[in-house]
Amino acid sequence: MGEIDPAFVQEQEHRPKLSIIEAQGIPEIDLSPLFHHEAPNPSAIEGLVKEIGSACKEWGFFQVTNHGVPLSLRQKLEEASRLFFAQSLEEKKKVARDAISPNGYYDTEHTKNVRDWKEVFDFTCHDPTLVPVTSDEHDDRVTQWTNPTPQYPPQFRAIIEEYLQEIQKLAFKLLELIALSLGVEAKRFEEFFKDQTSLLRFNHYPPCPYPHLALGVGRHKDPGALTILAQDEVGGLEVRRKSDQEWVSVKPIPDAYSINVGDIIQVWSNDEYESVDHRVIVKEEKARFSIPFFFNPGHDAEIKPLKELINDQNPSKYKAYKWGKFLVSRTSSNFKKQDGENLQIYRYKIS
Ligand SMILES: O=C(O)CCC(=O)C(=O)O
Ligand SMILES: [Fe+2]
């Protein structure tokens with residue numbers, strides 16, 4: 001088995017306990033009322049809005065079923081992901097990320113400066129995706145990220161593009177429900193997503209001989225608006241429960257999506273909804289695959305608490321920041337070990 005590369009070893013306090021607490025009470029929300037187009041039922045929608053609101057407030061995390069994304073499409077995508085990662089490293093590196101565009105394959109991501117036990121293929125929703133050249137706020141230059149086209153499996157790109165259409169529909173629906181739950185107009189957030197920088201990520205967590213030392217993804221919060229995650233049946237995703245700060249595992253529900261509130265919703269809602277810490281533990285004998293969709297606004301979106309939600313009693317808790325600058329700062333810091341912590345939203349907190 002040999003020695004573990006120290007780059008993967010978590011500090012003592014962040015090592016996972018392998019006796020897992022299975023989360024009781026992570027909300028499971030049935031979205032079928034959204035799809036009764038012939039006879040919309042306002043009270044069922046109202047109920048859904050309440051459920052989503054309390055899930056965002058109490059957990060920052062929930063699972064959805066009857067979400068409208070066709071199961072056959074998800075299965076095609078999951079199968080393509082397995083075939084892609086089963087190739088040799090040499091083949092996968094033919095679509096490696098590079099200095100110009102971070103989309104593509106890589107296996108060197110670091111979270112909080114410790115290397116993650118995984119490999120990844122990233123694909124942005126828009127091709128090209130407009131982003132700032134640097135995170136320097138005085139630098140107005142914009143560049144483009146483009147997607148590589150894997151040659152194998154055949155049709156991989158076409159399947160991804162079809163899936164992106166469907167997952168975006170779900171993302172916009174969830175965003176509307178979240179807006180309504182905050183008491184603002186359903187379409188309040190839509191304008192921010194015109195040139196969205198959303199990203200579909202394929203994760204492969206290979207079996208790991210050191211599951212007590214390493215993590216698939218170290219503890220983190222997602223920086224965007226919402227994450228819509230397809231996980232397989234293996235399990236390993238853990239969420240830090242808000243009520244007692246315990247790590248609890250998110251039980252995979254077949255065909256459901258796990259949704260988590262990202263930092264942007266935390267800021268928009270002026271801390272009414274908070275993004276939650278989560279991480280992925282790895283297994284000694286089993287590989288795991290997951291496919292998160294990170295729903296992110298356009299690079300130019302200025303992120304700050306919604307004016308409708310702030311007043312003298314509830315003053316704004318954040319200074320405004322440009323999403324693209326945040327994204328670029330994060331993207332450039334995630335792939336190598338840094339001297340310090342990468343950019344976090346508390347830097348914009350008004351104390
Ligand atoms: O694989 C998972 O279950 C979650 C991955 C994750 O949190 C991320 O990529 O941000
Ligand atoms: Fe995450």
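Under the annotation held in an unreviewed UniProt entry, the protein carries the name Fe2OG dioxygenase domain-containing protein and is attributed to Pisum sativum.

Draft legend 1. How the structure looks around the UniProt feature "domain: Fe2OG dioxygenase" (unreviewed entry) in the protein. Annotation from UniProt places "domain: Fe2OG dioxygenase" (unreviewed entry) at residues 195–297. Helix makes up 6% of residues 195–297 and strand 39%, with an end-to-end C-alpha separation of 7 Å.

Draft legend 2. The arrangement of the sheet that holds strand β9 (residues 199–205) in detail. The eight strands are arranged β1-β2-β14-β11-β16-β9-β6-β3 in an open sheet whose pairing can be described as mixed. The sheet is open, and its two borders are formed by β1 (28–30) and β3 (104–106), each paired with just one other strand. Strand-to-strand twist across the sheet, computed as the mean angle between neighbouring axes with direction ignored, equals 25°. Helix-sheet contacts for helix α2 (residues 71–85) involve β6 (119–124), β9, β11 (226–231) and β16 (288–295), and the interaxial angle to β16 is about 120°.

Draft legend 3. Representation of the nonpolar core. In terms of nonpolar packing, the biggest core is built from 78 residues, with Ala171, Ile178, Leu226 and Ile228 touching the most fellow members. With residues near it in sequence (within four places) discarded, Ile178 still touches Ile52, Cys56 and Ile265.

Draft legend 4. Local environment of the pairing of β9. Summarising burial for β9: six of the seven residues are buried, a large majority. The pairing of β6 with β9 spans six bridges and is classified as antiparallel. Each bridged residue has a counterpart across the sheet, and for Val120 the counterpart in β9 is Asn203. Here β9 runs beside β16; their pairing, made up of five bridges, is antiparallel. Counterpart to Leu200 in the pairing with β16 is Phe293.

Draft legend 5. The arrangement of the site of ligand 1 in detail. Around ligand 1, the neighbouring residues are Arg201, Asn203, Val217, Asp222, Leu229, Gln231, Leu237, His278, Val280, Ser290 and Pro292. For the shell around ligand 1, the per-class residue count stands at five nonpolar, four polar and two charged.

Draft legend 6. A look at the environment of Arg115. Locating Arg115 in the fold gives a position in strand β5 (residues 114–115). When the C-alpha positions of Arg115 and Ile45 are compared, they lie 43 Å apart, and in sequence the two are 70 residues distant. Dropping the residues within four chain positions of it, Arg115 is found in contact with Ala7, Phe8, Thr108 and His110.

Draft legend 7. Structural detail: the packing of helix α1 (residues 42–58) against helix α4 (residues 156–181). The N-to-C vectors of α1 and α4 enclose an angle of 85°; their axes lie 8 Å apart at closest approach. Considered as vectors, α1 and α4 are oriented roughly perpendicular to each other. Contacts between α1 and α4 involve Leu48, Val49, Ile52, Gly53 and Cys56 from the former and Leu177, Ile178, Leu180 and Ser181 from the latter.

Reading the values: rules and limits
Residues numbered from 1 in each chain as written. Chains lettered and ligands numbered in written order. Predicted model: local features only at pLDDT ≥ 70, side-chain atom pairs only at ≥ 80, totals over all residues. UniProt positions renumbered as here; feature names shortened; annotations may be inferred. Helix = DSSP H or I, 4+ residues; strand = E, 2+ residues; numbered from the N terminus. Pairing = 2+ DSSP bridges. Axes fitted to C-alpha atoms, helices over the stretch in contact; angles between N-to-C directions. Contact = placed C-beta atoms within 7 Å. Core = buried A, V, L, I, M, F, W, Y, C linked by C-beta atoms within 7 Å. Buried ≥ 20, exposed ≤ 12 C-beta atoms within 10 Å, placed from the backbone. Near = placed C-beta within 6 Å. Nonpolar A, V, L, I, M, F, W, Y, C, P; charged D, E, K, R; others polar. Parallel < 35°, antiparallel > 145°, perpendicular 65-115°, else oblique.

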